[in-house]
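Observations on the three-dimensional arrangement
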Amino acid sequence: MDFDVVVIGGGPAGYPAAIRAAQNGLTVACVDGWKNRDGSYAMGGTCLNAGCIPSKALLESSELYHRAQAEFAVHGIKAAGVSMDIAAMQKRRATIVKTMTGGIGMLLKAAGVKSFAGHGKLLPGRKVEVTGADGAVQTLQAKHVVLASGSTPFELPSLPFDRTNILDSWDALEMDAVPKRLCVIGAGVIGLELGSVWRRLGAEVVVLEAMDKFLAVADGQVASEAARHFKKQGLDIRLGAKVTGATPGADGVTVHYTDAKGEQTLVADKVVVAVGRRPFTTGLLADGTGVTIDARGFINVDENCATGVENVWAVGDCVRGPMLAHKGKDEGVAVADRIAGRHAHINYDLVPSVIYTAPEIAWVGKTEEAVKAAGIEYKLGVFPFLASGRARAMEASAGFVKLIADKASDQILGVHIVGPMAGELIGEACVAMEFKASCEDLQRTMHAHPTLSEALHEAALAADKRAIDNVNR
Ligand code: FAD
Ligand code: NAD
């Protein structure tokens, strides 16, 4: 079978590439080999099956459970006897995943993309060998190939996954009971999100983080504020903790680690290892394709996602850059447009980050530390949600919006939010910064009252000591 474009991988990088290529009038196939625990194939990759979507489903359910127990009373709502039905919670998660992954299949079909369930391997000459579940092999010939094979969790050699005691993030999303004692290794995005889920549902959660600094990727002020709230919620985050091994026993798993005080142990019922992900390219490339892989396992590409082999492209988690669904999606779409001879552009300086904890954390652009290190003269505007009427009404006034702008040009360089709906609020900052907005542009834009978005407006005003709803410092 001949196609203009064959995409290997049906995750958030691959399936948008396939859809956009079809929208561009090309004949397209999308090969995906994701298999669920029951052996069934499903489109959508890590994001829909074992990542973004199921984690957000559980974050929502667990947050509602927590609020019903701890916060309804403040609203004057008596909710005695609130209890949890973990089976129903997990059923809801699974139903959302099934509906969404089925939806991808429908979107591909509607766009005219031919889907193949099975393993895809790139052969020289832009041929793609597809091996189905029954072992049957067929070969597709493509004018262009897009590699979108994604990523997989890092496994610590001292703590190999066993799917019973030592879990990866996928297992951790599908637990059917709340462990009494949960140890999470890695206080990164997954550690914080999944640690929050199980903490809210009642587990005692200890998070062991190798680095001495908490959430080093985020703006320091945001990380400190978030750490304060996580501590209050009972997340026991231990920094500078280097895990050396684990031994399962009758009373649970004993985790061994070293910190500034020396050798330590803790006993947990389940251990979740969330120490990052690595690109997944197993069995993807036959000998002689010419596609190269770097020392960390990423497929080498240029700024346009071209691999250097004529008409072979790679996008998403399997190439350099942040491992985020929206980054992969934009790369997939951009490549499909480039293949069709259209203009495409990705601004890698403006990839938003969101951590869906409570309070939520979101940022785009440079941190204060990065601006300082670059020697840029800057001004800061900070607006606390305590001063936001909407946040108060929501009983969600923890956190703040912090805006950093260039002192000379007034251009916004970074926006950092810790607080309610931070992940939604950051969208406005992304648009503003994509259009190279100045602080004044935001100041002169009317924001509806009472909304959380006023906090961004006020942060822009605060950068010039012109905040109305807060004392200017
Ligand atoms: P993947 O989603 O990994 O998809 C790759 C697909 O290709 C898979 O289906 C795989 O089976 C298939 N494949 C691989 N090799 C082959 C082959 N040879 N033949 C056929 N098929 C193949 N990101 C966010 O932006 N927001 C979030 O909230 C978020 N939450 C997350 C929560 C968790 C718990 C995890 C684990 C990740 C989360 N991520 C989140 C990260 C996000 O899931 C990834 O960045 C995203 O899925 C990457 O998309 P991708 O298409 O590059 O790869
Ligand atoms: P991460 O890189 O965010 O965090 C891993 C953490 O583990 C780091 O803090 C690291 O210092 C620590 N670590 C590494 N080795 C360790 C060790 N031996 N002992 C203790 N700590 C150790 O990775 P992750 O949380 O696994 O997430 C993987 C990817 O998935 C990330 O790239 C992330 O962007 C993506 N993701 C995104 C979201 C989101 O956008 N909301 C949610 C989940 C995952």
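Residues numbered from 1 in each chain as written. Chains lettered and ligands numbered in written order. Predicted model: local features only at pLDDT ≥ 70, side-chain atom pairs only at ≥ 80, totals over all residues. Heavy atoms only, no water.

1. Here's the deal with unusual backbone geometry
Excluding glycine, most residues fall at negative phi; most peptide bonds, likewise, are trans. Where we set the bar: Numbering of helices and strands runs from the N terminus; a helix is a DSSP stretch of H or I covering at least four residues, while a strand is a stretch of E covering at least two. Throughout, exposure labels follow a simple rule: accessible area from a 1.4 Å probe, protein chains only, divided by the maximum for the residue type, with under 20% read as buried, over 50% as exposed, and the rest as partly exposed.
Geometrically, the link from A358 to P359 is a cis peptide bond, its omega value of 0° lying close to zero. The amide bond that connects H449 to the next residue, P450, takes the cis arrangement and shows omega of -5°. On the secondary structure map, P450 appears in the loop between α12 (439-443) and α13 (454-462). The phi angle at C305 is positive, at roughly 70°, despite the residue not being glycine. Mapped onto the elements of the fold, C305 is located in the loop between β16 (277-279) and β17 (312-314). What makes C305 buried here is its relative accessible area of 1%. Unusually for a residue other than glycine, M421 sits at a positive phi of about 55°. Assignment of secondary structure puts M421 in the loop between β22 (412-419) and α11 (422-434).

2. Overview of the sheet that holds strand β13 (residues 252-259)
Backbone hydrogen bonds are what pair the strands of a sheet, in a parallel or an antiparallel way. Going by this rule: What makes two strands pair is DSSP finding at least two bridges between them. Fitted lines through C-alpha atoms serve as axes, helices being fitted only where they are in contact, and the angles separating the N-to-C directions of these axes extend from 0 to 180 degrees.
One open sheet holds the 3 strands; their spatial order is β12-β13-β14, and the pairing between them is antiparallel. Unpaired on one side and paired on the other, β12 (242-249) and β14 (262-268) mark the two borders of the sheet. Within the sheet, the average angular offset between the axes of one strand and its neighbour, ignoring direction, is 20°. Note: β13 against β14, 7 bridges, orientation antiparallel. Opposite T254, over in β14, you have V267 as the bridge partner.

3. Focus on the packing of aromatic side chains
Under the convention used in this document: The aromatic pairing rule takes the rings of Phe, Tyr and Trp, using the six-membered ring of Trp, and pairs them if the centres are within 6.5 Å, calling planes under 30 degrees apart stacked, those over 60 edge-to-face and the rest tilted. By the criterion adopted, a ring carries a charge over it if an Arg CZ or a Lys NZ lies within 6 Å of its centre and within 35 degrees of its normal.
Across all of its chains, the model carries 3 aromatic pairs by this definition. Note on F3 and F116: the rings are 6.3 Å apart at their centroids and 90° apart in plane angle, and the pair reads as edge-to-face. One end of the pair, F3, is in strand β1 (residues 2-8); the other, F116, is in strand β3 (residues 114-117), with 113 residues separating them in the sequence. Judged by centre distance (6.2 Å) and plane angle (80°), the rings of F214 and F230 are edge-to-face. Within this pair, whereas F214 is found in the loop between β10 (204-208) and α7 (220-232), its partner F230 is found in helix α7, the two being separated by 16 residues in sequence. According to the relative accessible area criterion, F214 is buried, its value standing at 10%. Directly above the aromatic system of F116 lies the positively charged group of K114, at a separation of 5.0 Å from the ring centroid.

4. As for the site of ligand 2
The condition that has to hold: Only heavy atoms are used to decide nearness, and a residue is near a molecule or strand if one of them lies within 4 Å of it. Definition of a polar contact: a pair of N or O atoms within 3.5 Å, with one able to donate and the other able to accept a hydrogen when the atoms are protein atoms, and with sequence-neighbouring residues admitted only if both atoms are side-chain atoms. Each accessible area value is a Shrake-Rupley result obtained with a 1.4 Å probe; residue values ignore everything except the protein chains displayed when judging cover. Under the scheme applied, nonpolar residues are Ala, Val, Leu, Ile, Met, Phe, Trp, Tyr, Cys and Pro; charged residues are Asp, Glu, Lys and Arg; polar residues are all the others, including Gly.
Every one of the 21 residues lining ligand 2 counts as a neighbour, but I190, E193, E209, G276 and V354 are closest to it. E209 has a polar side-chain atom sitting 2.6 Å from an oxygen atom of ligand 2. Contacts to ligand 2 include M323, whose backbone N or O atom sits 3.3 Å from an oxygen atom. If ligand 2 stood free it would expose 840 Å²; the protein chains cover 74% of that surface. Here the shell around ligand 2 gets 3 residues from one element, more than from any other, and that element is helix α6 (residues 189-200). Taken together, the residues of the shell around ligand 2 sort by class into 14 nonpolar, 3 polar and 4 charged.

5. Examining the sheet that holds strand β11 (residues 236-238)
This is how the line gets drawn: Here, two residues are considered to be in contact whenever any of their heavy atoms come within 4.5 Å of each other.
What the 5 strands build is an open sheet, ordered β8-β15-β9-β10-β11; its pairing is parallel. Either end of the sheet is taken by a strand with one partner, and the two such strands are β8 (166-167) and β11. The pairing of β8 with strand β15 (residues 270-273) spans 2 bridges and is classified as parallel. Looking at β15, one finds that L167 is bridged to V272. Helix-sheet contacts for α6 involve β9 (181-185), β10 and β11, and the interaxial angle to β10 is about 165°.

6. Quick word on the packing of helix α3 (residues 52-70) against helix α4 (residues 86-111)
Heads up, the rule is: Each helix crossing is assigned a hand: it is left-handed if the near helix lies turned anticlockwise from the far helix by less than a right angle, otherwise right-handed if that turn is clockwise.
Their axes nearest at 9 Å, the elements α3 and α4 cross at an angle of 145°. Of the two elements, α3 crosses α4, and the hand of that crossing is right-handed. Facing α3, whose interface residues are I53, P54, A57, L58 and S61, α4 presents M89, Q90, R92, R93, I96, V97 and M100. Of the residues in the contact of α3 with α4, the class split is 8 nonpolar, 2 polar and 2 charged.

7. Overview of α6
Along an α-helix, residues three or four apart share an orientation, since each turn contains 3.6 residues. We apply this condition: Under the convention used throughout, the expected extent of a helix is 1.5 Å for every residue step, that is, one less than its residue count.
Along its 12 residues, α6 runs 17 Å from first to last C-alpha, staying within 8% of the 16 Å computed at 1.5 Å per residue. Extensive coverage of α6 is indicated by the burial of 9 of its 12 residues. Among the residues making up α6, those that are buried are G191, L192, E193, L194, G195, S196, V197, W198 and R200. G202 lies just past α6 and shows a positive phi near 120°.

8. Here's the deal with the domain arrangement of the chain
Test applied: Boundaries between domains were set according to an automatic or database domain assignment. Buried area adds together the accessible area that both of two parts lose upon being put together, with accessible area traced by a 1.4 Å probe. One speaks of a salt bridge when a side-chain nitrogen belonging to Lys or Arg is within 4 Å of a carboxyl oxygen belonging to Asp or Glu.
Taken domain by domain, the chain comprises domain 1 (2-153 + 278-349), domain 2 (166-275) and domain 3 (359-462). Taken over C-alpha atoms, the centre of domain 1 sits 27 Å from the centre of domain 2. Listed per partner, the contact involves 22 residues of domain 1 and 15 residues of domain 2. In this assembly, domain 1 packs against domain 2 so that about 1600 Å² is buried in total across both faces, 63% of it on carbon and sulfur atoms. The largest contributions to the domain 1 side of the interface with domain 2 come from R37, L59 and I86, which together make up 32% of the buried area. At the junction of domain 1 and domain 2, the tally comes to 5 salt bridges. For the salt bridge of K56 with E193, the shortest nitrogen-to-oxygen distance reads 2.8 Å.

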